[in-house]
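# Chains, contacts and geometry: an overview
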Amino acid sequence: MTTNVDKTNGGPSNGANKASGPADANPVAKDAVTVVDPRLLVRQEGFKGYLTEFGRKMRSGDLGVVPVIVGIAIIWAVFQAKDSAFLSPKNLSDLSILLGGTGMISVGIVFVLLLGEIDLSVGSVSGLAAATLAVLNVNHGVPEGIAVIAALASGAALGAVHGFFFAKIGVPAFVVTLAGLLAWNGLMLQVLGTTGTISIADDSFVRDLTAHYFSQLIAAYGAATVATAGFFLAQFLDSRRRKAVGIPSRPLSEILVRTGVLAVIVYAAAWRLNEYKGLPLALVIFVAVLVILDFVVRRTSYGRKVIALGGSVEAARRAGINVVAIRISVYSLAGLMAAFGGIMIASRIGSASQQAGTGNLLMEAIAAAVIGGTSLFGGRGSVWSALLGMLVIGSISSGMNLLGVANSVQYMITGGVLLAAVVIDSVSRRTQRSAGRG
Amino acid sequence: MAIVPNGPVLALRGISKRFGAVQALTDIHLEVHAGEVVALVGDNGAGKSTLVKSIAGVGPADEGVIEWQGKPVQVTRPHDAQELGIATVYQDLALCDNIDVVGNLFLGREILRAGVLDEVEMERRSRELLQTLSIRIPSVRIPIASLSGGQRQTVAIARSMLGEPKLVILDEPTAALGVEQTAQVLDLVERLRDRGLAVILISHNMADVKAVADRVAVLRLGRNNGIFDVKTTSQEEIISAITGATDNAVTRRKARSGEVAK
């Protein structure tokens, strides 16, 4: 989906280059020359062009986020029809808090998938981080802030260890992280010791991570306004700068439409959340992490290097990219995000237990990234797929719990959704290849 | 482009290279001038790639002197060659399929603005570069995967131009291309020459060599086997120098006169 975003960023390309004509006759004439191939289907300027382009992309298999959005809409419609409590403020608010824990882990997975690798250890790392936090804070009386930092640092360090064995020693990532899955789970049990479950005090800062709500009406609406205005400004300024230097820019009408869509979503969310207890802190943290890491992937040279590695390791190496350092850093980031997710989950549950980080947590985190549209084959994806994928998975489990469906059925249905997502991904890639957008 | 009026941009004097028991290169001499395309031809295993690697700093020579603009230089790392202004486009183009043209052109040397990728400036510079080279690409914002082989080759060559090189080495740029695409790449080679660059073109295709090269340096079994002026030499003569089929007085004299010309 990152590539998708990039495409839409640059896709509008060629409107400005209307001057073609005598390019062949006089290749050195300054302004008359155009880089644009005359066979290119030039997109018209303005809103109509946007629609045509959108239609063409759909037909050529460049589906982007459309399948996920449609999926979420269907899931919500079905559950709402079955039980009107599904879209109730309380349920949506709970869902938004639920996203944060596994979603955080999934964000780390997105980075690893962008490299074209896999990390199976994130579940165990998240459990170990939660145990570290609880043991330090509750059993040894270490101040909460320091315990949280220690837990996060341990996650980053464990991730770096995986990265080291994978990137420097050359052990396949699958095996390294599988070893991590077992070893760190064992270490967590050891750290927890005989106590088994350690409860986190209700009035603690860690508990507040998922229990605090900004209850003033203005908080949610203010956040929505900031998001909308920020999005519009960023797009508008970029478009203006492009226009100033004479390269194709996105027309104002398109920016307005995009901003409008975003505004509808965020204001609707703000309204629903305000109906309950207000804007949950957990959601704010999750979205902030998404925004920051999305920026890192798309707009920094670090992110560009990660994506380049997912495309071609050899090309990246020849371009002077330090392959080993990037790989280790990505695994370290995955460990850090896993630890963050583990803390969020412990905060929501109110304890660190022997079950933390086990079960289907790992599978959900990977499934969310893939359902959200990040490719398993590297180099294509977006940080936002963690949010979209978690929305799908979270909605299904939340809805089923409302309907009182057994866990067994839930797993089967989530498995089916994952398969459907991968099938859509594979089919759309095949269509893309035949449409020449490989 | 600064054109050095006199003397070659690059001169190889007595380059030799051994791999274990194999003498890959023996006493190779080669000169390349600014605004000149020198084709480097020879059979498989003749030492073309080894020679190029010694110039590009990938596999330094054991003996001999590399002179750059008249001064002897040490080229022991790829970085050294880039510093001097030698750009090499290898056969496997080393582009990232999933990244767009702009991203590939600037991969590893992204332009930053306040620590953030400056996509606008990179796109502007990419368009400028592609325009000056008259390279036609559907859009600079589509992934490399959707370009044809010839377009990819031109992007790879364009990328080598970003470092403002004085010498461009192209390793079999037309090997896997169709007729039209080959024509595009050869046009581009001519434009590089017109801009005053020195070009070393490795090729197996005699038609390509005849079309764009000014001189042809033939390697045979790791030795110079003649340097020919393309205009005055027939294709048969070059081929026989490559294969060693007609090692007669005529080719020997030609080879000698080629060396004397230096």
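The structure under discussion appears in the preceding block.
What you are looking at is a predicted structure, and each value in this text was computed from that prediction instead of being measured.

## Quick word on the sheet that holds strand β12 (residues 223-229) of chain B
All names here are of chain B.
- With respect to topology, six strands assemble into an open sheet ordered β6-β9-β10-β3-β11-β12, the strand pairing being mixed. The sheet is open, and its two edges are formed by β6 (86-89) and β12, each paired on a single side. Neighbour-to-neighbour, the strand axes of the sheet open up by a mean angle of 20°, direction not taken into account.
- Sheet topology places strand β3 (residues 37-42) next to strand β10 (residues 198-202); four bridges connect them, and they run parallel. When the bridges of β10 are listed, V37 appears paired with V199.
- Docked against the sheet, helix α5 (residues 149-161) engages β6 and β9 (167-171), running at close to 165° with respect to β6.
- Against the sheet, helix α8 (residues 235-243) engages β3, β11 (215-220) and β12, with an angle of about 25° to β11.

## Quick notes on the packing of aromatic side chains
Residue and element names in this part refer to chain A.
- Throughout the structure, instances matching the rule amount to six aromatic pairs over all chains.
- Three or more aromatic residues link up through ring pairs in this structure, and these residues are W76, F79 and F86.
- Sitting over the face of the ring of W271, R272 holds its NZ or CZ atom 4.7 Å from the ring centroid.

## Some details on the pattern of salt bridges
- Here the structure, examined in full by the defined rule, presents 26 salt bridges over all chains.
- Here D238 of chain A and R242 of chain A are joined by a salt bridge, their closest N and O atoms 3.3 Å apart. In this pair, D238 of chain A and R242 of chain A both sit in helix α9 (residues 217-245), four residues apart, roughly one turn of the helix.
- Look at D238 of chain A and you get partly exposed, because its relative accessible area is 30%.
- With relative accessibility at 4%, the residue R242 of chain A sits in the buried group.
- R242 of chain A serves as the salt-bridge partner of E123 of chain B, at 3.1 Å between the closest nitrogen and oxygen. Of this pair, E123 of chain B sits in helix α4 (residues 119-132) while R242 of chain A sits in helix α9, which puts the two residues in different chains.

## Concerning the environment of A131 of chain A
All names here are of chain A.
- Secondary-structure assignment places A131 in helix α5 (residues 122-139).
- On the basis of relative accessible area, A131 is assigned to the buried category, the value being 1%.
- When residues no more than four places from it in sequence are discounted, the contact partners of A131 are M188, V191, L192 and A352.

Criteria and thresholds
Residues numbered from 1 in each chain as written. Chains lettered and ligands numbered in written order. Predicted model: local features only at pLDDT ≥ 70, side-chain atom pairs only at ≥ 80, totals over all residues. Heavy atoms only, no water. Pairing = 2+ DSSP bridges. Helix = DSSP H or I, 4+ residues; strand = E, 2+ residues; numbered from the N terminus. Axes fitted to C-alpha atoms, helices over the stretch in contact; angles between N-to-C directions. Contact = heavy atoms within 4.5 Å. Phe/Tyr/Trp six-rings, centres within 6.5 Å; stacked < 30°, edge-to-face > 60°. Lys NZ or Arg CZ within 6 Å of the ring centre and 35° of its normal. Salt bridge = Lys/Arg side-chain N within 4 Å of Asp/Glu carboxyl O. Buried < 20%, exposed > 50% of the residue type's maximum accessible area, 1.4 Å probe, protein only.

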